[in-house]
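Examining the three-dimensional arrangement
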Amino acid sequence: MALPPSSSSLRLPRGGSQLLGAKATRAPRLAEQLYTQIYKLITAGHFAVNSKLPSEAELCEAFGVSRPVVREAMSRLHADGVVETQRGAGSFVRLRHDAELFKLAPIGGLPDLLRCMELRSAIEGDAAFLAASRRTEEDLGEMRGALDELAQAIETRQIGHAADLRFHQAVAVACRNDLFTNCLQALSTQIFDFMRVMRSLALSSTHARLRMVQDEHVQIYRAILEEDPDRARQAMRQHIANSKSRTLADTVAT
């Protein structure tokens, strides 16, 4: 990526520290808030793709936070592919996401939704692995019912996030380990929110995108039906990774 020679004209809006609102007492929470605010500034076009972000010291001064908070926020932005850090040169904007993402996500909840996807990949991948060996005909029937609901949602241009959650819960139940279902239940609010965001973005783009999501669900189902644990785990993990990528791919990229 070609780096611009200077970023002297790039500064945060006045009153940047007020963008964080009431300060929390824990650094991780402050890092989440800073992550979201920088993300929003990029999405709004305040920092263009390929432009250099303010320095660590400038961010500390503008938002009234410590260096560890800035470093944690920037680390998360880097992990999500939003910024790219060049040693000795600074951090540069790599992607600008669709502003609709922030309209759909719960207020301040985008970082949590993205972290939730990482945890889901581990939990649901292994749940699918076990389900392929332990599923019953009743479990398969529940999965088919959810797939039918999703197909109907696609045809009628509905979001279908409830049916999406139903499918994933059916896979967890089929693994015959209550700890998996309990974990998903504990994450149900965040999972439901992410599915709503993801499917809403898909609904507003192309019909083919929703069908792609459906095809991934079918691949998971077929692997479980055919009692292929490794393929079921891979299909589930790939589906979750793709869901995150699709949600963040409504961007203007370098």
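Throughout, a residue's number is its position along its own chain's written sequence, starting from 1. Reporting of local features is limited, given that this is a predicted model, to residues whose pLDDT is at least 70; pairs of side-chain atoms are given and counted only at 80 or more, and all residues count toward the totals for whole chains, interfaces and linings. Excluded from the side-chain calculation are hydrogens and water; included are all heavy atoms of the structure.

1. Details of the pairing of strand 2 (residues 90–93)
The sheet contact formed by strand 1 (residues 83–86) and strand 2 spans four bridges and is antiparallel. Looking at the pairing, T85 lines up with S91 of strand 2. The rule for pairing is simple: two strands pair if DSSP sees at least two bridges between them. Under the DSSP-based scheme used, a helix requires at least four consecutive residues in state H or I and a strand at least two consecutive residues in state E, with every element numbered from the N terminus. Counted between consecutive antiparallel strands, the loop separating strand 1 from strand 2 contains three residues, among which G88 sits at a positive phi close to 80°.

2. Re the pattern of salt bridges
Criterion for a salt bridge: a side-chain nitrogen of Lys or Arg within 4 Å of a carboxyl oxygen of Asp or Glu. Counting across every chain of the model gives 14 salt bridges. The closest approach of N and O atoms between E56 and R71, which form a salt bridge, is 3.1 Å. One end of the pair, E56, is in helix 2 (residues 56–63); the other, R71, is in helix 3 (residues 67–79), and 15 residues separate them in sequence. Burial here depends on accessible area, computed with a 1.4 Å probe over protein chains only, as a share of the maximum for the residue type. Under 20% is buried, over 50% is exposed, and the range in between is partly exposed. On the basis of relative accessibility, which here comes to 26%, the residue E56 falls in the partly exposed class. Judged by relative accessible area, R71 falls into the partly exposed class, the value being 47%. Between R166 and E149 there is a salt bridge, with its nearest N and O atoms 2.3 Å apart. Highlighted residues: R166 in helix 7 (residues 161–174) and E149 in helix 6 (residues 137–155), separated in sequence by 17 residues. Judged by its relative accessible area of 22%, R166 falls in the partly exposed class. If you follow the salt bridges from partner to partner, you end up with D126, D230, R233 and R237 in one network.

3. Quick look at the nonpolar core
The definition of a nonpolar core used throughout is a set of buried Ala, Val, Leu, Ile, Met, Phe, Trp, Tyr and Cys residues joined through side-chain atoms within 4.5 Å. Within the largest apolar cluster, 62 residues are counted, with the highest numbers of intra-cluster contacts made by L34, M74, L77, M143, F167, V171 and I224. It only takes one pair of heavy atoms within 4.5 Å for two residues to be counted as in contact. If sequence neighbours within four positions are ignored, M143 has contacts with F167, A170, V171, A174, Y221 and I224.

4. Comments concerning the confidence of the model for the chain
pLDDT expresses, on a scale from 0 to 100, how confident the predictor is about each individual residue. With 77% of its residues at a pLDDT of at least 70, the chain reaches an overall mean of 80. Within the chain, no element has a lower average pLDDT than strand 4 (residues 251–253), which sits at 39, and none a higher one than helix 6, at 95. Below pLDDT 50 for its whole length, residues 1–10 participates in 20 contacts with residues either more than four positions away or in separate chains.

5. Things to note about the environment of R246
In this fold, R246 is placed in helix 11 (residues 229–248). According to the relative accessible area criterion, R246 is buried, its value standing at 10%. With 33 residues separating them in the primary sequence, R246 and V213 have C-alpha atoms 9.7 Å apart.

6. A look at the packing of aromatic side chains
Each Phe, Tyr or Trp ring, with Trp reduced to its six-membered ring, pairs with another whose centre is within 6.5 Å; inter-plane angles below 30 degrees give stacked pairs, above 60 give edge-to-face pairs, and intermediate values give tilted ones. Under the counting rule described, the total for this entry stands at one aromatic pair. Measuring from ring centre to ring centre gives 5.3 Å for Y35 and Y39, while their planes differ by 75°; the resulting arrangement is edge-to-face. Placement of the pair is Y35 and Y39 together in helix 1 (residues 27–43), with a separation of four residues, close to one helical turn. Like Y39, Y35 is buried.

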